[in-house]
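In case you want the letters, here they are:
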Amino acid sequence: SLTLGIVGLPNVGKSTLFNALTQNEVLAANYPFATIEPNVGVVPLPDTRLDRLAEIFSSQRTVPAVVSFVDIAGIVKGASEGAGMGNQFLANIREANAICQVIRVFDDPDVVHVEGTVDPADDIETINTELILADMQTVEKALPRLEKEARTHKDRRAALAVTQQARDILDAGRTLFSAQAEIDLAELRELSLLTAKPFLYVFNADEAVLTNETRIKELREMVAPADAVFLDAKVEAELLELDEESTRELLESIGQTEPGLYSLARAGFHTLGLQTYLTAGPKEARAWTIGRGWTAPQAAGVIHTDFERGFIKAEIVSFDDLISAGSMAEAKAAGRVRMEGKDYLMADGDVVEFRFNV
Ligand code: GDP
């Protein structure tokens, strides 16, 4: 499955956040989730739609989709110079499908900042510089080969041109992801460049930041087009010990309406380019993970490969239509249930029943 690699400078709260992610029983309710390896956290994607579906279909349980986070330990500064740990660090990032960067914006005289002061722009630059330098090495190595290929194979000219363009962006100290409006990242896929992966920024903040809309807006703009999540990792860890009422009170006191881990799971899922569709019956109401732009047969294949092979059609109602109708029978009577064929592109929140041959 697709994963987000958690990276950041030392002492920014990565372990605190990762531990909260892997120990969150509220998020994990009814889901047999597991920490597969000590550094992988599989987190259920909060989805209130499943409870509504379970009511309508009298389902016995709900099964949410999941998001996987990998804790990528290791040094950051100097990583691109390739010393031991640095190489391993970059190799681990290369395996992740997206980069989840944790940035410290909390003030705490008791927690030493490696660079001396809390400066998010500076910290982001420190990390991104290492990733950019690693990409520059990859690109410089690939260019002579691509130039040669392009001389003899016309169809390699596009790959060469886009790689030259990537070099210029990296030379300017920018990540490729942040330049996605200018460059065709799909054309670069063969080089597995680190900064071409989708980025998500987690600002580990304190109450002063969490309640300061201007500051939040500023930080959001700083990392756009990447998504940004604001949370207090220490509070998230404390929430795990609390009952529902105390959780609500603590969140309110820092100006939040839901645990930051919920926003993080959603943002992570979205950053990976994933979406869900829903199925429901007496046994379970369930969210299934698919990519954006997937067709109905591809989506059916996530349940069972036979469903994809024997696909005939899909009976689909959007979640909102189903809720406003109140039941499947009434949604049908109101003409809100559609029969879709093999070219149908799935939409997030489609409630589906597949028809197939076995
Ligand atoms: P890592 O090195 O990035 O994994 O950072 P840790 O999770 O080990 O955190 C470093 C220190 O900062 C620990 O003492 C944490 O308790 C503390 N810490 C982590 N998150 C927060 C936070 O949101 N606020 C405050 N005040 N301290 C935090």
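Residues numbered from 1 in each chain as written. Predicted model: local features only at pLDDT ≥ 70, side-chain atom pairs only at ≥ 80, totals over all residues.

Focus: the overall build of the protein
Looking only at helices and strands, one finds 15 helices and 12 strands in the protein. Against the compact-globule benchmark of 21 Å for 358 residues, the protein has a radius of gyration of 23 Å, which places it among compact chains. Seen along its three principal axes, the alpha-carbon backbone of the protein occupies a region of about 65 × 65 × 35 Å. When each of the 358 residues of the protein is scored for burial, the buried share is 38%. Taking all contacts inside the protein whose residues are at least 6 apart in sequence as the whole, residues at least 24 apart take part in 68%. (Helix = DSSP H or I, 4+ residues; strand = E, 2+ residues; numbered from the N terminus. Rg over C-alpha atoms; globule rule 2.2 N^0.38 Å. Buried ≥ 20, exposed ≤ 12 C-beta atoms within 10 Å, placed from the backbone. Contact = placed C-beta atoms within 7 Å.)

Regarding the site of the ligand
Residues in contact with the ligand amount to 16 residues; listed here are only the nearest, Gly-13, Lys-14, Ser-15, Thr-16 and Asp-108. Going through the elements one at a time, helix H1 (14-23) and helix H9 (233-239) are the ones with two or more residues in the shell around the ligand. Residues that form the shell around the ligand fall into these classes: 5 nonpolar, 6 polar and 5 charged. (Near = placed C-beta within 6 Å. Nonpolar A, V, L, I, M, F, W, Y, C, P; charged D, E, K, R; others polar.)

A look at the UniProt feature "domain: TGS" (unreviewed entry) in the protein
In the numbering used here, UniProt assigns the feature "domain: TGS" (unreviewed entry) to residues 273-356. Helix makes up 31% of residues 273-356 and strand 39%. Its end C-alpha atoms lie 27 Å apart. (UniProt positions renumbered as here; feature names shortened; annotations may be inferred.)

Details of the nonpolar core
If you look at the biggest cluster of nonpolar residues, it comprises 87 residues, and the most contacted ones within it are Ile-6, Phe-69, Leu-200, Val-202 and Phe-203. Top contributing element to this core by residue count: helix H5 (residues 120-152), with 8 residues. Sequence-distant contacts of Val-202, defined by excluding residues within four places in its chain, comprise Leu-17, Cys-100, Gln-101, Val-102, Ile-103, Val-229, Leu-231 and Leu-264. (Core = buried A, V, L, I, M, F, W, Y, C linked by C-beta atoms within 7 Å.)

Looking at unusual backbone geometry
Residue Pro-225 is bonded to the preceding Ala-224 through a cis peptide linkage, with omega at 10°. The topology assignment puts Pro-225 in the loop between helix H8 (213-223) and strand E7 (227-231). The phi torsion at Asn-11 lies on the positive side, around 70°, for a residue other than glycine. Position of Asn-11 relative to the elements: it lies in the loop between strand E1 (3-7) and H1. On the basis of neighbour counts, which here come to 14 C-beta atoms within 10 Å, the residue Asn-11 falls in the partly exposed class. Positioned with a positive phi, Ser-58 is a non-glycine residue whose angle comes to about 50°. By the secondary structure assignment, Ser-58 is in the loop between helix H3 (49-57) and strand E3 (61-63). Exposure remark for Ser-58: the 10 C-beta atoms within 10 Å place this residue in the exposed category.

Quick look at the environment of Tyr-344
For Tyr-344, the position within the fold is in the loop between strand E11 (338-340) and strand E12 (350-356). Given 18 C-beta atoms within a 10 Å radius, Tyr-344 is considered partly exposed. Setting aside chain neighbours within four positions, we find Tyr-344 in contact with Thr-295, Ala-296 and Ala-314.

Quick word on the sheet that holds strand E6 (residues 199-205)
Sheet strands pair by backbone hydrogen bonding; their relative direction is either parallel or antiparallel. Reading across from one edge, E2-E4-E1-E5-E6-E7 is the order of the 6 strands in this open sheet, with mixed pairing throughout. Strands with a single pairing partner mark the edges of an open sheet, and in this sheet they are strand E2 (40-44) and E7. Ignoring which end each strand starts from, the neighbouring axes of this sheet average 25° apart. Pairing geometry for E6 and E7, over 5 bridges, is parallel. Looking at E7, one finds that Leu-200 is bridged to Asp-227. Strands in contact with H5 are E1, strand E5 (98-105) and E6; relative to E5, the strand with the most contacts, it is inclined by about 145°. This element, helix H11 (residues 260-271), spans E1, E2, strand E4 (66-71), E5, E6 and E7 of the sheet and lies at about 165° to E7. (Pairing = 2+ DSSP bridges. Axes fitted to C-alpha atoms, helices over the stretch in contact; angles between N-to-C directions.)

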